[in-house]
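For reference, the chains in residue letters:
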Amino acid sequence: MNILSIDTSAQVASVCILDETGILSEFNVNVKLTHSQTLMPMCEAALDCAKISLEQIGAFAVSAGPGSFTGVRIGVSAVKGLAASSGKPCIPVSTLEGLAYNLQPESGILCAAMDARCAQVYNALFRWEDGSLRRLCEDRAVSIEALGKELEQFGENIFLVGDGADLCFNKLKEALPSLERVPPHLRFQRAASVGLAALERAKAGKTCTAAELMPVYLRLPQAERELLKKQQK
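Residues numbered from 1 in each chain as written. Predicted model: local features only at pLDDT ≥ 70, side-chain atom pairs only at ≥ 80, totals over all residues. Heavy atoms only, no water.

**Q** Just checking my understanding: could you explain helix H2 (residues 69–86) for this structure?
**A** Each α-helix turn comprises 3.6 residues. Residues three or four places apart therefore point the same way. In a regular helix each residue adds 1.5 Å, so 18 residues correspond to 26 Å; H2 covers 26 Å between its end C-alpha atoms and thus fits that length. After H2 finishes, the residue glycine 87 shows a positive phi value of roughly 75°. (Helix = DSSP H or I, 4+ residues; strand = E, 2+ residues; numbered from the N terminus. Expected span 1.5 Å × (residues − 1).)

The structure is reproduced here in structure tokens:
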């Protein structure tokens, strides 16, 4: 099955076409334009380079969050539109799970971390076992301090992936000598990794309709949080 996957959850916009045999085409753009400007031209270019028409796409995958509120909304809205017009299923993928597909170490803990501001990160922990990704906790917004205390229980290498990797490494490296940052070319969100996760989810029947697809934010937007604070005073 051909899958068109999208990730706009952070600064980089990424689009990929892939199937069970591998990645057919992938575009990553980081030029400080809004994702709404770059996303659809990237989809058209990815389809063109893969020599696949939109009608040949069997499902649409997207990083449904957590991440940038605007970025996640743009990606989810684009996939909802593409899927609704074609009648094809959607495959929502956790942004953090997608990051875990960037790297498959033989051993160790994958710590996916995205900067959530206010000394917090969006985080989840994973481990690769026999070629399959095992989730060790649910997606969450957690303080870096609390994350560091939790990571102390693991007596093995811990690989940081995501745009919060530097932030966590700089704050936790002294207490956690086993902490490592994955190389920059593997550290950030990629639609190819979202697509690989989506293939596994599709095999398990974890798809949804365009109407059912929803973003996952984990936290309220900052404006709403500030409004609640004012109302509580």
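**Q** I tried to follow the pattern of salt bridges on my own but got confused; where do I start?
**A** Where side chains of opposite charge bring their charged atoms close, a pairing between them can arise. Counted by the stated rule, this structure contains 13 salt bridges. Linking glutamate 156 and arginine 127 is a salt bridge whose minimum nitrogen-to-oxygen distance equals 3.0 Å. Of this pair, glutamate 156 sits in the loop between helix H4 (144–151) and strand E10 (158–161) while arginine 127 sits in strand E7 (residues 120–129), and the two are 29 residues apart along the sequence. One salt bridge connects glutamate 145 with lysine 149, and the closest N-O pair in it is separated by 3.7 Å. You can see glutamate 145 and its partner lysine 149 sitting in helix H4, four residues apart, about one turn around the helix. Lysine 149 sits in the exposed class, given a relative accessible area of 55%. If you follow the salt bridges from partner to partner, you end up with Glu97, Arg135, Asp139 and Arg201 in one network. (Salt bridge = Lys/Arg side-chain N within 4 Å of Asp/Glu carboxyl O. Buried < 20%, exposed > 50% of the residue type's maximum accessible area, 1.4 Å probe, protein only.)

**Q** Whenever I open this one, the pairing of strand E2 (residues 13–19) confuses me. Can you help?
**A** The side chains of a regular strand alternate between the sheet's two faces. By the criterion of burial, E2 is predominantly enclosed, with seven of the seven residues buried. Neither face of E2 is open: one carries Ala13, Val15, Ile17 and Asp19, the other Ser14, Cys16 and Leu18, and all of them are buried. Remark: five residues form the turn of the hairpin made by strand E1 (residues 3–7) and E2, two consecutive strands paired antiparallel. Summarising the sheet, E2 and strand E3 (residues 22–29) pair through seven bridges and their orientation is antiparallel. Paired with cysteine 16 across the strands is glutamate 26, a residue of E3. (Pairing = 2+ DSSP bridges.)

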